Amino acid sequence: MSIRFDNRVAIVTGAGAGLGRAHALLLAERGAKVVVNDPGGSVDGRGGSGAVADKVVAEIRAKGGEAVANYDSVGTWEGAQNIVKTAMDKWGRVDALINNAGILRDKAFHNMPVEDFEAVVQVHLLGSAYCTKAAWPIMREQKYGRVVMTTSTSGIFGNFGQSNYGAAKAGVCGLANCLRFEGAKYNIMVNVLSPAAYTRMTENLMNPAVAPYMKPELVSPAAVWLASEACTVSGEIVFAQAGGFTRLQYFETDGVQFDPDQPVTLEMFADAFATVTDLSHAHPLRTIMGEMENKLRAIGKIK
Ligand code: NAI
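Residues numbered from 1 in each chain as written. Predicted model: local features only at pLDDT ≥ 70, side-chain atom pairs only at ≥ 80, totals over all residues. Heavy atoms only, no water.

*Asks:* Give a detailed account of unusual backbone geometry, specifying residues and quantitative values.
*Replies:* The phi angle at Lys 143 is positive, at roughly 50°, despite the residue not being glycine. Despite not being glycine, Asn 187 has its phi angle at roughly 55°, a positive value. Within the element layout of this structure, Asn 187 appears in the loop between helix H6 (163–184) and strand S6 (188–196). What makes Asn 187 partly exposed here is its relative accessible area of 29%. (Helix = DSSP H or I, 4+ residues; strand = E, 2+ residues; numbered from the N terminus. Buried < 20%, exposed > 50% of the residue type's maximum accessible area, 1.4 Å probe, protein only.)

What follows is the structure, given as structure tokens:
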């Protein structure tokens, strides 16, 4: 089945370079009208230049596609509203939003200035929330929308020196987990991409042997599919790197269930810890209340 975006309008934040640029090019190739958002700037978010977004817009137009540049930062509510307004002013709708913009300010937690923690959370977590919130009423009104958040293994598994980034990147998963419920009635699907690619953000971190395979355009099919009408799932996390694609999921173990009518001691928990953490019967975690009710029913506490 051919995945097309004819008459669809997509916004890609941070689309002036790396992964965002590759997503924007693929969207445009498939017929989307694309807002290429990027204020330019260095990896740490300082400085700026409109030339970065302009270049990608020129690339899209040279191939016969439609695109418009926007230079606002996702990190302010005003900026996010203006990004969405750019799409509305030009084409009158927003069908897909890929929250991709990102910066890094890596430092061990004990050395990290609070400002660096805030700046990274501001762009990744609040920026994703602001842009989604600006697009949300439009998507609700038209009863159609696709939102893609961009997380990182640093948020899902952790990484030394990236407490600000990891916290923000785990945050966007939480945002998607909640919005999938709120968007369902309006055909708004909210999913998460966990990419890995050789970009300026990772050029100093990557094993040179794998770097040639870590092309951003090998990640974009996942991002763009999640942003398409073909995507009817919500709340998924797709990991994509070097042409490999997997699903990431939170799991819950069977654990233990003590009698809640009786006291639970520290020693009881300590003795049960190996069973609590035993993954052999783990299952995807979805509805916490349902799980608890099942457990209390199994030991005869509720009907
Ligand atoms: P990149 O540095 O090449 O691209 C990020 C783009 O975001 C830049 O063009 C930058 O100007 C733009 N940007 C920065 N602050 C912005 C703001 N306030 N508003 C709008 N745009 C802004 O980096 P890359 O690798 O392409 O990263 C894209 C996304 O993927 C980021 O969210 C990053 O955290 C995430 N990611 C990347 C991985 C990788 O292996 N490259 C791994 C995991 C996640």
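*Asks:* Talk me through helix H2 (residues 51–62); I want residue IDs and the actual numbers.
*Replies:* The end-to-end C-alpha distance of H2 is 16 Å, a good match for the 16 Å that 12 residues give at a rise of 1.5 Å each. Those residues of H2 lying buried are Ala 53, Val 56, Val 57 and Ile 60. Considered in projection along H2, the buried side chains sweep an arc of 100° and stay on one side of the axis. Away from the buried face of H2 by more than 90 degrees, exposed residues Lys 55 and Ala 62 are located. Buried positions along H2 lie against helix H1 (18–29), strand S2 (33–37) and strand S3 (66–70). (Expected span 1.5 Å × (residues − 1). Arc of directions from axis to C-beta. Contact = heavy atoms within 4.5 Å.)

*Asks:* Hey, could you go over the packing of helix H4 (residues 114–142) against H6 for me, with residue numbers and the actual values?
*Replies:* Contact geometry of H4 with H6 gives a least axis separation of 8 Å together with a crossing angle of 20°. Overall, the two elements H4 and H6 adopt an arrangement that is roughly parallel. Two packed elements cross with a definite hand, and for H4 against H6 that hand is right-handed. Facing H4, whose interface residues are Asp 116, Phe 117, Val 120, Val 121, His 124, Leu 125, Ser 128, Ala 129, Thr 132 and Trp 136, H6 presents Ser 163, Asn 164, Tyr 165, Ala 167, Ala 168, Lys 169, Gly 171, Val 172, Leu 175, Leu 179, Glu 182 and Gly 183. (Axes fitted to C-alpha atoms, helices over the stretch in contact; angles between N-to-C directions. Parallel < 35°, antiparallel > 145°, perpendicular 65-115°, else oblique. Left-handed = near helix turned anticlockwise from the far one by under 90°.)

*Asks:* Any chance you could break down the site of the ligand for me, citing the residues and the numbers?
*Replies:* Neighbouring residues of the ligand: 28 residues in total, closest Leu 19, Asp 38, Asn 100, Tyr 165 and Thr 199. Gly 102 is positioned with one of its backbone polar atoms (N or O) 3.4 Å from an oxygen atom of the ligand. The contact in question runs from an oxygen atom of the ligand to an N or O atom on the side chain of Thr 199, over 2.5 Å. Bound to the protein, the ligand loses 96% of the 820 Å² it would expose on its own. Breaking the shell around the ligand down by element, the ones donating at least two residues are H1, H4, H6 and S6. Taken together, the residues of the shell around the ligand break down into 12 nonpolar, 13 polar and 3 charged. (Near = heavy atom within 4 Å. Polar contact = N/O pair within 3.5 Å; in protein donor to acceptor, adjacent residues only side chain to side chain. Areas by Shrake-Rupley, 256 points an atom, 1.4 Å probe, with all protein chains shown as cover. Nonpolar A, V, L, I, M, F, W, Y, C, P; charged D, E, K, R; others polar.)

*Asks:* If you had to explain the packing of aromatic side chains to someone new, which residues and values would you point to?
*Replies:* Geometrically, a pair of aromatic rings is defined through the distance of the ring centres and the angle of the planes. This model, assessed by the stated rule, comprises 3 aromatic pairs. Between Phe 109 and Phe 117, the aromatic rings sit 6.3 Å apart at their centres with planes inclined by 70°, giving edge-to-face as the arrangement. The class for Phe 117 is partly exposed, based on a relative accessible area of 27%. Taken together, a centroid distance of 5.8 Å and an interplanar angle of 65° make the contact between Phe 269 and Phe 273 edge-to-face. Of this pair, Phe 269 and Phe 273 both sit in helix H8 (residues 266–276), 4 residues apart, roughly one helical turn. Taking relative accessible area as the criterion, Phe 269 reaches 43% and is therefore assigned partly exposed. One residue, Arg 8, lies across the ring of Tyr 144, its end atom 3.8 Å from the ring centre. When the ring centre of Phe 181 is taken as reference, the NZ or CZ atom of Arg 180 above it lies at 4.2 Å. (Phe/Tyr/Trp six-rings, centres within 6.5 Å; stacked < 30°, edge-to-face > 60°. Lys NZ or Arg CZ within 6 Å of the ring centre and 35° of its normal.)

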